[in-house]
Amino acid sequence: MKVTERIAKLRALMEEKNIDMYIVPSADNHQSEYVGEHFKAREFITGFTGSAGTAVITKTEAGLWTDGRYFLQAEQQLEGSGVDLYRMGNPGVPTVLEFIADKLNENGTLGFDGRLVAVDEGKEYAKAASKKGGNVNYAYDLVDEVWEDRPALSTEKAFALDEKLVGESTESKLARIRKVMEEVGANVHVITSLDDVAWTLNVRGNDVAYSPLLLSYLVITMDQVDLYVDETKLNDEIRANFNKVNVVLHPYNDIYEAMKVYDANDTLLIDPDRLNYALYYNIGANVNTVERQNPTVLMKAMKNEVELANTRNAHIKDGVAMTKFMKWVKENVGKMTITEMSASDKLEAFRAEQEGFLWPSFEPICGYGEHAAIVHYTSTPETDVELKEGALLLTDTGGNYYEGSTDITRTFALGEVSDVEKLHFTTVAKSMLNLANAKFMYGAMGVNLDILARKPFWDMNLNFNHGTGHGVGYLLNIHEGPSGIRWQYRPGESTPFEEGMVVTDEPGIYIAGSHGIRTENELIVRKGEANEYGQFMYFETMTFVPIDLDAINPDIMSAEDKKMLNDYHKQVFEKISPYLNEEETEWLRKYTREI
């Protein structure tokens, strides 16, 4: 069934249900960034496979809103579909809310599946509809009626994480959560975000693409924990751990009826950015609510020393795999047939050799030449190309290990590349190192530090159309709040850096039709000296893979630039070479030499 046919069937259902405009978001019932196959409704209805975007269908128009990471990809995938691309953030491009205000009929009905939309987002939709004298209908999953062979919900098994891996017991975490509940006057806390549930209970699953999460809802009271989950996924170890902290199991979807039992004597702590709209409106109007960020969001972002030690180990393993891959691809291009997809598979095979490797931490990006200019390009059999000398290869990949998750980007010169590519590659390296070596005052946010990475680009009237960095979960979501690094203020990323947070540092440059370059390391936020000026902070680097010297132009680097690169490469050699054979070690010595 073509996209045009799917949209036609959706419009017929809209007519039947008296819905004038229908919104299809990218989320699942838990507002997850990455979702399992069952929840890829927006991909199904538009044909766009990127992880972020919102589709809006009217009786005569269809649009997709996505951000700068996906502009080129969306443009290609939407061609001939009848779905218009709305490039979010570009001048003159309306937001979804502005589109609703302009296009929704007077007294019209705006529809969406209330399980897939967060509370605050849903309220904004309702407000926009009311301004046109209309209303919202959140009762229908219309895509489900079109999607004839829709995949079933995941039945993958869950697994427990021992305290030696996570550094804190569930009992301790619950005590910390309940303390916050007491402080805000709540006797019930509803958690629907999958990473917060997994972190609290020290369990992981395989229900979401790449992210090791378990489809579930959690309700915490002062003496009990109610978990809504498919209990066939739980093994005896997990059940025994749950019994210790009085976890009571319920069927996954029973959460919706459970919300109706609370009354005026209850006060519920909920996070409107993470709770879905349908669940929210199952809470009685007479029930008291405290609406604020889940306390677990900041708790889990501030990794303890056990988690950090384990994550460092995961990065050494990942560094070994990436270094072996770098050697392999640079030495074999032109000598054997290597494509984007086979290169990606080879890299995963190197990771699989490492003890404790589970699976990739996100969909691998492996883009050669002009494909690398598509920020979140995914090679398919239709787009796969052979790697040849004379161009750049960008790989943005990561691994889930029992000790943590990794996210690393490297761009490799395959043979000799142009002077322009070397200029851009060197600028990216300078940018990444500038930020990694920052010292800053406690209280600083990502928006304060972003200029350290942007300046080398802005000095050349260049820019990159994505954030410079994001938080990383501990074997959870690869993109984790509540902090990030970008030049534009975002409320959801306005939390100051706290010790123990893990963030990425990933500037890039993308020249459509030519090449793309990105270099990414992960950093730990650490406390530095405290003196009369306050508490100083700094970043500790924990990603160790060579930055390809074949693409570096030292003539445009300052003495400080060269020192930062040389110091980094010295650490790479010291940390990675003990795990390599003699030939690999000599190769690494060459690619970490001083310049």
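Note that the structure is predicted; figures quoted are calculated from it, not measured. (Residues numbered from 1 in each chain as written. Predicted model: local features only at pLDDT ≥ 70, side-chain atom pairs only at ≥ 80, totals over all residues. Heavy atoms only, no water.)

Draft legend 1. Local environment of the overall build of the protein chain. Secondary structure assignment for the protein chain yields 19 helices and 28 strands. On C-alpha atoms alone, the protein chain measures out to a radius of gyration of 24 Å, which is about the 25 Å that the 2.2 N^0.38 rule sets for 595 residues. The C-alpha extent of the protein chain, read off along each of the three principal axes, is 70 × 55 × 50 Å. Taken across its 595 residues, the protein chain has 60% of its residues classed as buried. In the protein chain, 69% of the contacts between residues at least 6 apart in sequence involve partners at least 24 apart. (Helix = DSSP H or I, 4+ residues; strand = E, 2+ residues; numbered from the N terminus. Rg over C-alpha atoms; globule rule 2.2 N^0.38 Å. Buried < 20%, exposed > 50% of the residue type's maximum accessible area, 1.4 Å probe, protein only. Contact = heavy atoms within 4.5 Å.)

Draft legend 2. Spotlight on a nonpolar patch on the surface. A cluster of nonpolar side chains, namely Ile-451, Leu-452, Trp-458 and Trp-487, defines an oily patch on the protein surface of about 360 Å² accessible area. Mapped onto the fold, Trp-458 is located in helix α17 (residues 446–458). Of the residues examined, Trp-458 reaches a relative accessible area of 36% and is grouped as partly exposed. (Patch = residues over 30% accessible without salt bridge, like charges linked within 9 Å, V, L, I, M, F, W, Y side chains within 5 Å. Areas by Shrake-Rupley, 256 points an atom, 1.4 Å probe, with all protein chains shown as cover. Salt bridge = Lys/Arg side-chain N within 4 Å of Asp/Glu carboxyl O.)

Draft legend 3. Focus on helix α10 (residues 236–244). For α10, the N-terminal cap is Asn-235; the gap from its side-chain oxygen to the backbone nitrogen of Glu-237 is 3.2 Å. Within two residues after α10, Asn-246 carries a phi angle of roughly 60°, on the positive side. (Polar contact = N/O pair within 3.5 Å; in protein donor to acceptor, adjacent residues only side chain to side chain.)

Draft legend 4. How the structure looks around the packing of aromatic side chains. Going through the model one piece at a time under the given rule, you end up with 24 aromatic pairs. Ring centres of Phe-544 and Tyr-568 lie 6.1 Å apart, and the angle between their planes is 15°; on these two criteria the pair is classed as stacked. With Phe-544 in the loop between β28 (534–541) and α18 (559–576) and Tyr-568 in helix α18, the pair connects residues that are 24 residues apart, well separated along the chain. Residue class for Tyr-568 comes out buried when judged on its relative accessible area of 4%. Among the aromatic residues, ring-to-ring pairing joins Phe-112, Tyr-125, Tyr-138, Tyr-277, Tyr-280 and Tyr-281 into one connected group. (Phe/Tyr/Trp six-rings, centres within 6.5 Å; stacked < 30°, edge-to-face > 60°.)

Draft legend 5. Inspection of the side chain of Glu-340 at higher detail. By secondary structure assignment, the location of Glu-340 is in helix α15 (residues 340–352). Despite its burial, Glu-340 pairs with no opposite charge, the nearest such side chain being Arg-518 at 12 Å. Of the polar contacts made by the side chain of Glu-340, one reaches the side chain of Ser-379; its length is 3.0 Å. (Lys, Arg positive; Asp, Glu negative; His and termini not counted.)

Draft legend 6. Representation of the pattern of salt bridges in the model. Inspection of the entire model under this criterion finds 38 salt bridges. One salt bridge connects Lys-300 with Asp-196, and the closest N-O pair in it is separated by 2.7 Å. Linking Lys-300 in helix α13 (residues 295–301) with Asp-196 in helix α9 (residues 194–201), this pair joins segments that are 104 residues apart in sequence. An identical accessibility class is assigned to Lys-300 and Asp-196; each is buried. Note that Glu-586 and Arg-589 form a salt bridge whose closest N and O atoms lie 3.2 Å from each other. With Glu-586 and Arg-589 both in helix α19 (residues 582–591) and three residues apart, this pair spans about one turn of that helix. With a relative accessible area of 44%, Glu-586 lands in the partly exposed category.

Draft legend 7. Focus on the sheet that holds strand β2 (residues 54–58). Sheet architecture is open: six strands sit in the order β4-β3-β2-β1-β5-β6, paired in mixed fashion. Looking at which strands have only one partner, the edges of the open sheet turn out to be β4 (84–87) and β6 (135–137). Strand-to-strand twist in this sheet, taken as the mean axis angle between neighbours without regard to direction, amounts to 25°. Both strand β1 (residues 21–24) and β2 contribute to a ladder of four bridges, which runs antiparallel. Across the sheet, residue Tyr-22 finds its bridge partner in β2, namely Ile-57. Along the sheet, helix α3 (residues 71–78) makes contact with β3 (62–66) and β4, crossing β4 at roughly 170°. (Pairing = 2+ DSSP bridges. Axes fitted to C-alpha atoms, helices over the stretch in contact; angles between N-to-C directions.)

Draft legend 8. Expanded view of the pairing of strand β5 (residues 109–112). By the alternation rule, side chains of β5 split into Thr-109 and Gly-111 and Leu-110 and Phe-112, which are all buried. Alignment of β1 against β5, held across three bridges, turns out to be parallel. Within β5, the residue paired with Met-21 across the bridge is Leu-110. As paired strands, β5 and β6 are joined by three bridges and run parallel to one another. Along β6, the bridge assignment pairs Thr-109 with Asn-135. Read from β5 through helix α5 (residues 119–130) to β6, the crossover connection turns out right-handed. (Right-handed = clockwise from strand over helix to strand, strands pointing away.)

Draft legend 9. How the structure looks around the sheet that holds strand β20 (residues 408–414). Overall, antiparallel pairing links the three strands, which are arranged β16-β17-β20 in an open sheet. Looking along the sheet, the strands with just one partner apiece sit at the ends: β16 (365–368) and β20. Each neighbouring strand pair of the sheet contributes to a mean axis angle of 10°, computed without reference to strand direction. Note: β16 against strand β17 (residues 391–397), four bridges, orientation antiparallel. Considered in β17, the bridge of Gly-367 is made with Leu-394.

Draft legend 10. Looking closely at helix α1 (residues 3–16). Between its first and last C-alpha, α1 extends 20 Å over 14 residues, near the 20 Å set by a 1.5 Å rise per residue. Buried residues of α1: Val-3, Arg-6, Ile-7, Leu-10, Leu-13 and Met-14, and no others. All buried residues of α1 project into a common sector of 115° when viewed along the axis, lining one side. Asn-18 sits one or two positions beyond α1 and adopts a positive phi of about 60°. (Expected span 1.5 Å × (residues − 1). Arc of directions from axis to C-beta.)

Draft legend 11. Examining the domain arrangement of the protein chain more closely. Assigned domains of the protein chain: these are domain 1 (3–146), domain 2 (159–293) and domain 3 (302–588). Placing a centre on the C-alpha atoms of domain 2 and another on those of domain 3 gives a separation of 34 Å. If you look at the interface, domain 2 gives 19 residues, while domain 3 gives 18 residues. Summed over both sides, the interface of domain 2 with domain 3 buries roughly 1500 Å², with 58% coming from carbon and sulfur. (Domains from an automatic or database assignment. Buried area = accessible area lost by both parts, 1.4 Å probe.)

Draft legend 12. Local environment of a negative patch on the surface. Among the surface-exposed residues, Asp-120, Glu-124, Asp-273 and Glu-291 lie close enough to one another that they form a single negatively charged patch. Mapping Glu-291 onto the fold places it in strand β14 (residues 288–291). (Charge placed at Lys NZ, Arg CZ, Asp CG, Glu CD.)

Draft legend 13. Broad picture of empty space enclosed by the protein. A complete count under the given rule lists five cavities of 30 Å³ or more for this structure. When its volume is computed, the largest cavity comes out at roughly 80 Å³. Ser-344, Leu-347, Glu-348, Arg-351, Phe-357, Pro-360, Phe-362, Pro-364, Thr-397 and Gly-398 together form the lining of the largest cavity. When residues of the lining of the largest cavity are traced back to their parent elements, those giving at least two are α15 and β15 (357–360). Looking at the lining of the largest cavity element by element, the count peaks at four residues for α15. For the lining of the largest cavity, the class distribution of residues is five nonpolar, three polar and two charged. (1 Å grid on protein atoms, 1.4 Å probe; cavity = no way out; pocket = protein on both sides within 12 Å on 5 of 7 lines; lining within 4 Å. Points joined across faces, edges and corners; volume = space filled by probe spheres on them. Nonpolar A, V, L, I, M, F, W, Y, C, P; charged D, E, K, R; others polar.)

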